[in-house]
Amino acid sequence: MKTTIWVILLLIAASATAQSEVEIRNHYQDINKKITESKEQGYEGSLYCNEWVANKNGKSWPAVGIYQETVQFWYDDDPNHLPASERNPKNVLMKVNISRKASALTTNEEYLFQNGKLVFYFRHEGEEGNEWETRVYYNNKGSSFKSSVKANGKELTAKDFLTDEYRDFKPKPLSIMAEGRKLQELFIKSM
């Protein structure tokens, strides 16, 4: 009997702290709404944005040709500017948007953070009429619990990733998480 009660309590505790896809989608929509408001309202908006642009004038890059990259760090910071000792600077970063054009390939990536942790990754690529989309969801312990990949509108399966055509499209959640941490650290260093 005691064992059953402990199992039930553990399941309740785990479900209370687990991140769900619905919660992540709601957070994603909320942050995107705040980004839109901030763009429309300027300094009155609820989020701040730091933007880095590589090759702003679009000059040709060696071995690439056309190349330009824009990284937007969207963050929320207390207007009273609390000292770092009173807050965790990682928690203010909400989302990183990356837009990249390299020759005929266009890429848009999004890293969504909540309470200092990566909770969602999205990537859309397009080249010569082909499109690929990747989504990876993370729980609050840093593990991915769902991913999906579409190639030209077709949802890829585990069997598809075994073929030569789609092998390179299989998401690598640990690499994505590492890139998210790297972007988070770059953001903190830039502040």
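We now turn to the structure provided with this report. Note that the coordinates shown come from a computational prediction; the quantities given were computed from them, not determined experimentally.

**Overview of the nonpolar core**
One broad rule of soluble globular proteins: the nonpolar side chains tend to lie buried together.
Part 1 of the reasoning: Core analysis: the largest hydrophobic core is formed by 17 residues, its most contacted members being Phe73, Val96, Tyr111, Leu118, Tyr138 and Ile176.
Part 2 of the reasoning: If you list the elements that add at least two residues to this core, you get strand S2 (67-75), strand S3 (93-102), strand S4 (105-114), strand S5 (117-127), strand S6 (130-138) and helix H3 (173-190).
Part 3 of the reasoning: At four residues, H3 tops the list of elements feeding residues into this core.
Part 4 of the reasoning: Once residues within four sequence positions are removed from consideration, leucine 118 is found in contact with Tyr111, Leu112, Phe113, Tyr138, Ile176 and Met177.

**What to know about the packing of aromatic side chains**
Part 1 of the reasoning: Under the defined criterion, the tally for this structure stands at ten aromatic pairs.
Part 2 of the reasoning: With 6.1 Å between their ring centres and 40° between their planes, tyrosine 137 and phenylalanine 145 make a pair best called tilted.
Part 3 of the reasoning: The exposure class assigned to phenylalanine 145 is partly exposed, which follows from its relative accessible area of 36%.

**Concerning the sheet that holds S2**
Part 1 of the reasoning: Reading across the sheet, the eight strands line up as S1-S2-S3-S4-S5-S6-S7-S8 and stay open at both edges, with antiparallel pairing between neighbours. One side of each edge strand has no neighbouring strand; the edge strands of this open sheet are strand S1 (48-54) and strand S8 (154-155).
Part 2 of the reasoning: Inspection of the sheet shows S4 paired to S5 by nine bridges, in the antiparallel sense. In the sheet register, phenylalanine 113 faces S5, and the bridge partner there is leucine 118.
Part 3 of the reasoning: Along the sheet face, helix H2 (residues 21-41) touches S2, S3, S4, S5, S6 and strand S7 (144-151) and points at about 110° away from the line of S4.
Part 4 of the reasoning: Across the sheet, H3 lies against S1, S2, S3, S4, S5, S6 and S7, angled at about 75° from S4, the strand it touches most.

**Comments concerning the side chain of glutamate 109**
Part 1 of the reasoning: With respect to the element layout, glutamate 109 can be found in strand S4.
Part 2 of the reasoning: At 3.2 Å, the side chain of glutamate 109 and the side chain of arginine 100 are in polar contact.
Part 3 of the reasoning: A polar side-chain atom of glutamate 109 sits 2.7 Å from a polar atom in the side chain of tyrosine 121.
Part 4 of the reasoning: Residues within four places of glutamate 109 in sequence aside, it is in contact with Val96, Asn97, Ile98, Arg100, Tyr121, Phe122 and Arg123.

**Side note on the environment of glutamate 21**
Part 1 of the reasoning: Mapping glutamate 21 onto the fold places it in helix H2.
Part 2 of the reasoning: For the pair formed by glutamate 21 and asparagine 139, sequence separation is 118 residues and the distance between their alpha carbons is 8.8 Å.
Part 3 of the reasoning: Leave out the neighbours within four places in its chain, and glutamate 21 touches Tyr137, Phe145 and Lys146.
Part 4 of the reasoning: Only 2.9 Å separates the side chain of glutamate 21 from the side chain of lysine 146, close enough to count as a polar contact.

**Details of H3**
Part 1 of the reasoning: Taking 1.5 Å of rise per residue, the 18 residues of H3 would be expected to cover 26 Å, and the 26 Å separating its terminal C-alpha atoms lies within 8% of that figure.
Part 2 of the reasoning: Every buried residue of H3 is listed here: Ile176, Met177, Gly180, Leu183, Gln184 and Phe187. The buried residues of H3 all sit within an arc of 120° when viewed along its axis, so they share a single face. Those residues of H3 that are exposed and aimed more than 90 degrees away from the buried face are Leu174, Arg181 and Lys189.
Part 3 of the reasoning: Buried residues belonging to H3 abut S1, S2, S3, S4, S5 and S6.

Rules used throughout
- Residues numbered from 1 in each chain as written.
- Predicted model: local features only at pLDDT ≥ 70, side-chain atom pairs only at ≥ 80, totals over all residues.
- Heavy atoms only, no water.
- Core = buried A, V, L, I, M, F, W, Y, C linked by side-chain atoms within 4.5 Å.
- Buried < 20%, exposed > 50% of the residue type's maximum accessible area, 1.4 Å probe, protein only.
- Helix = DSSP H or I, 4+ residues; strand = E, 2+ residues; numbered from the N terminus.
- Contact = heavy atoms within 4.5 Å.
- Phe/Tyr/Trp six-rings, centres within 6.5 Å; stacked < 30°, edge-to-face > 60°.
- Pairing = 2+ DSSP bridges.
- Axes fitted to C-alpha atoms, helices over the stretch in contact; angles between N-to-C directions.
- Polar contact = N/O pair within 3.5 Å; in protein donor to acceptor, adjacent residues only side chain to side chain.
- Expected span 1.5 Å × (residues − 1).
- Arc of directions from axis to C-beta.

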